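Below, each chain spelled out in residue letters.
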Amino acid sequence: MRGRYWILGFLLLTWAGASSAACTSSFLNPITDVNWQCAFPMNLGGLISFGTTSDTGDSETNIDFPVCSCLRSGGSTIVGINVAFWEPSRLIETVKEPFCFPSLGTGFSNTKAGTLLGRHDTQSKAADKATTVQAHYYIYPIWAMLKMFTDVPCLAGNRIDGGGQDLDLAVITEVLPNWNNDLLAFLINPEALLFGNPAALVSCMADAATATIGAPLESLFWCMGSWPGVYPLAGTVGTTHIAQANAVAGGRLLYQIGRLGGLLDHGMDACGAVRTLIWRKKNYRFHFAQPVRGGQCLHFGTPTALWEHWKNQPVNGDNFSFVLFRRVKCCLGY
């Protein structure tokens with residue numbers, strides 16, 4: 001597998017000299033550590049559906065008409081059938097030790113990393129209790145990596161608009177100043193003043209209710225159900241529920257990638273991806289892959305009481321990996 005491994009290698013070598021011990025890590029197996037049920041349902045033409053999940057809100061197919069036609073960049077037209085499915089294409093990991101990459105089975109913990117170090121503060125007064133983590137975002141087109149469905153043009157790596165066929169480390173928060181400083185996060189995204197305050201978060205009660213059935217409200221884009229919200233775009237989360245805090249950090253990273261113009265949504269238009277500065281929460285879901293593979297397919301905001309139990313193991317060092325599935329709507333034809 002190709003990719004920016006030279007960047008990863010440089011980072012690891014740079015920090016190795018100051019590292020005291022290898023971080024807790026276990027290579028993520030793309031076959032056994034993936035909950036394949038999250039790829040369903042798959043819908044053909046809005047008429048035939050294959051598979052189900054436990055997420056009652058994911059019956060939405062985004063298919064309005066069975067037949068589709070799309071104009072290609074060269075001027076030719078493709079005519080086919082609308083299909084919709086969930087594609088495992090990204091991986092997010094959250095770590096307590098900076099520059100630790102547990103999903104790759106490698107990395108180093110650095111006890112002298114200063115403000116980059118994570119924390120889990122349960123001793124302070126209630127208002128100050130928080131969890132701080134770093135997060136990493138991978139291009140992870142599992143089907144392309146396993147050489148599956150290579151003739152299906154809708155999948156990552158096979159699409160005309162690209163997407164990559166190999167594992168690739170795309171974003172690490174250790175080098176993002178705003179992730180490690182709430183004030184800088186506010187300066188870079190000043191809209192946090194509007195959406196990151198207690199008054200705005202009261203409106204998230206509605207999103208919390210609909211997220212319970214797998215249907216988060218797109219209009220409340222700053223909310224993640226009953227979880228802490230997406231603002232500030234930083235790695236400190238105001239909760240001591242470890243699994244929830246790490247899931248929030250993963251959601252914030254995904255949202256921040258969108259705010260930076262790097263999020264392509266494949267669940268909006270069958271003819272191609274749409275660049276979205278504000279995420280559509282319904283088009284993304286995930287499951288815990290490590291340290292324990294989760295049996296549920298979760299939206300960002302699914303009530304914690306439904307899935308948090310037994311997700312954190314004493315030996316994992318408070319490091320988590322999530323396989324991200326995105327909704328794909330595609331015009332399948334020739």
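As shown above, the structure is provided for reference.
Residues numbered from 1 in each chain as written. Predicted model: local features only at pLDDT ≥ 70, side-chain atom pairs only at ≥ 80, totals over all residues. Heavy atoms only, no water.

**Here we look at the state of the cysteines**
Turning to step 1, where the next piece is worked out: One pass over the structure, following the stated rule, counts four disulfides.
Turning to step 2, where the next piece is worked out: Disulfide pairing is shown between Cys70 and Cys271; the S-S distance is 1.9 Å. When the S-S torsion is -80°, as for the bridge of Cys70 with Cys271, the disulfide is left-handed. One end of the pair, Cys70, is in strand 4 (residues 67–71); the other, Cys271, is in the loop between strand 13 (264–265) and strand 14 (274–275), and 201 residues separate them in sequence.
Turning to step 3, where the next piece is worked out: Of the residues examined, Cys70 reaches a relative accessible area of 6% and is grouped as buried. (Disulfide = S-S within 2.5 Å. Helix = DSSP H or I, 4+ residues; strand = E, 2+ residues; numbered from the N terminus. Buried < 20%, exposed > 50% of the residue type's maximum accessible area, 1.4 Å probe, protein only.)

**Regarding the environment of Arg326**
Turning to step 1, where the next piece is worked out: Turning to its location among the elements, Arg326 is positioned in strand 16 (residues 320–333).
Turning to step 2, where the next piece is worked out: On the basis of relative accessible area, Arg326 is assigned to the buried category, the value being 6%.
Turning to step 3, where the next piece is worked out: Considering only alpha carbons, one finds Arg326 and Cys38, 288 residues apart in sequence, at a separation of 9.8 Å.
Turning to step 4, where the next piece is worked out: For Arg326, the side chain forms a polar contact with the side chain of Ser89, separated by 3.0 Å. (Polar contact = N/O pair within 3.5 Å; in protein donor to acceptor, adjacent residues only side chain to side chain.)

**So, the nonpolar core**
Turning to step 1, where the next piece is worked out: Core analysis: the biggest nonpolar cluster contains 42 residues, and Trp222, Tyr231, Trp279, Phe286 and Phe300 have the highest contact counts within it.
Turning to step 2, where the next piece is worked out: Mapped by element, the contributors of at least two residues to this core are strand 10 (134–139), helix 4 (192–195), helix 7 (242–259), strand 15 (284–290) and strand 16.
Turning to step 3, where the next piece is worked out: Among the elements that take part in this core, helix 7 stands out by supplying ten residues, more than any other.
Turning to step 4, where the next piece is worked out: Among all residues touching Trp222, those that are not within four sequence positions of it are Phe195, Ala200, Ser203, Cys204, Gly229, Val230 and Tyr231.
Turning to step 5, where the next piece is worked out: In this structure, Ala39, Ile142, Met145 and Val323 belong to the second largest nonpolar core, which totals 27 residues. (Core = buried A, V, L, I, M, F, W, Y, C linked by side-chain atoms within 4.5 Å. Contact = heavy atoms within 4.5 Å.)

**So, the packing of aromatic side chains**
Turning to step 1, where the next piece is worked out: Inspection of the entire model under this criterion finds 16 aromatic pairs.
Turning to step 2, where the next piece is worked out: Between Phe195 and Phe221 the ring centres are 5.0 Å apart and the planes differ by 70°, which places this aromatic pair in the edge-to-face class. Linking Phe195 in helix 4 with Phe221 in the loop between helix 6 (204–211) and strand 12 (236–237), this pair joins segments that are 26 residues apart in sequence.
Turning to step 3, where the next piece is worked out: The buried category is assigned to Phe221, whose relative accessible area is 17%.
Turning to step 4, where the next piece is worked out: The side chain of Arg285 reaches across the aromatic face of Trp86, ending 4.1 Å from its centre. (Phe/Tyr/Trp six-rings, centres within 6.5 Å; stacked < 30°, edge-to-face > 60°. Lys NZ or Arg CZ within 6 Å of the ring centre and 35° of its normal.)

**What to know about the pattern of salt bridges**
Oppositely charged side chains can form a pair if their charged atoms are brought close together.
Turning to step 1, where the next piece is worked out: Tallying each qualifying case throughout the model produces four salt bridges.
Turning to step 2, where the next piece is worked out: Between Asp318 and Lys96 there is a salt bridge, with its nearest N and O atoms 3.8 Å apart. Of the two residues, Asp318 sits in the loop between strand 15 and strand 16 while Lys96 sits in the loop between strand 5 (77–95) and strand 6 (100–101), which places them 222 residues apart along the sequence.
Turning to step 3, where the next piece is worked out: Among the residues examined, Lys96 registers a relative accessible area of 29% and is labelled partly exposed. (Salt bridge = Lys/Arg side-chain N within 4 Å of Asp/Glu carboxyl O.)

**Considering the pairing of strand 4**
Turning to step 1, where the next piece is worked out: Burial of the side chains of strand 4 is restricted to one face: Cys68 and Cys70 are buried, whereas none of Val67, Ser69 and Leu71 on the reverse face is.
Turning to step 2, where the next piece is worked out: Strand direction decides the pairing type here: strand 4 and strand 5, joined by five bridges, are antiparallel. When the bridges of strand 5 are listed, Leu71 appears paired with Thr77.
Turning to step 3, where the next piece is worked out: Connecting strand 4 to the antiparallel partner strand 5 that follows it, the hairpin turn spans five residues, and Gly75 within it adopts a positive phi of roughly 105°. (Pairing = 2+ DSSP bridges.)

**Thoughts on the pairing of strand 10**
Here is the key point about a regular strand: its side chains alternate between the two faces of the sheet.
Turning to step 1, where the next piece is worked out: When you tally the buried positions in strand 10, you get six out of six residues, the bulk of the element.
Turning to step 2, where the next piece is worked out: Across the two faces of strand 10 the burial is the same, with Gln134, His136 and Tyr138 and Ala135, Tyr137 and Ile139 all buried.
Turning to step 3, where the next piece is worked out: Two elements, strand 5 and strand 10, share six bridges in a ladder whose sense is antiparallel. Across the sheet, the residue bridging to Thr94 is Ala135, located in strand 10.

**Thoughts on the side chain of Glu93**
Turning to step 1, where the next piece is worked out: Tracing the sequence through the fold places Glu93 in strand 5.
Turning to step 2, where the next piece is worked out: Looking at Glu93, the relative accessible area reads 0%, which means it is buried.
Turning to step 3, where the next piece is worked out: Within the local environment of Glu93, its side chain forms a polar contact with the side chain of His136, the two groups lying 2.7 Å apart.
Turning to step 4, where the next piece is worked out: At 2.7 Å, the side chain of Glu93 and the side chain of Tyr138 are in polar contact.
Turning to step 5, where the next piece is worked out: Beyond its immediate chain neighbours, meaning those up to four positions away, Glu93 contacts Cys100, Phe101, Pro102, Ser103, Gln134, Ala135, His136, Tyr138, Phe320 and Ser321.

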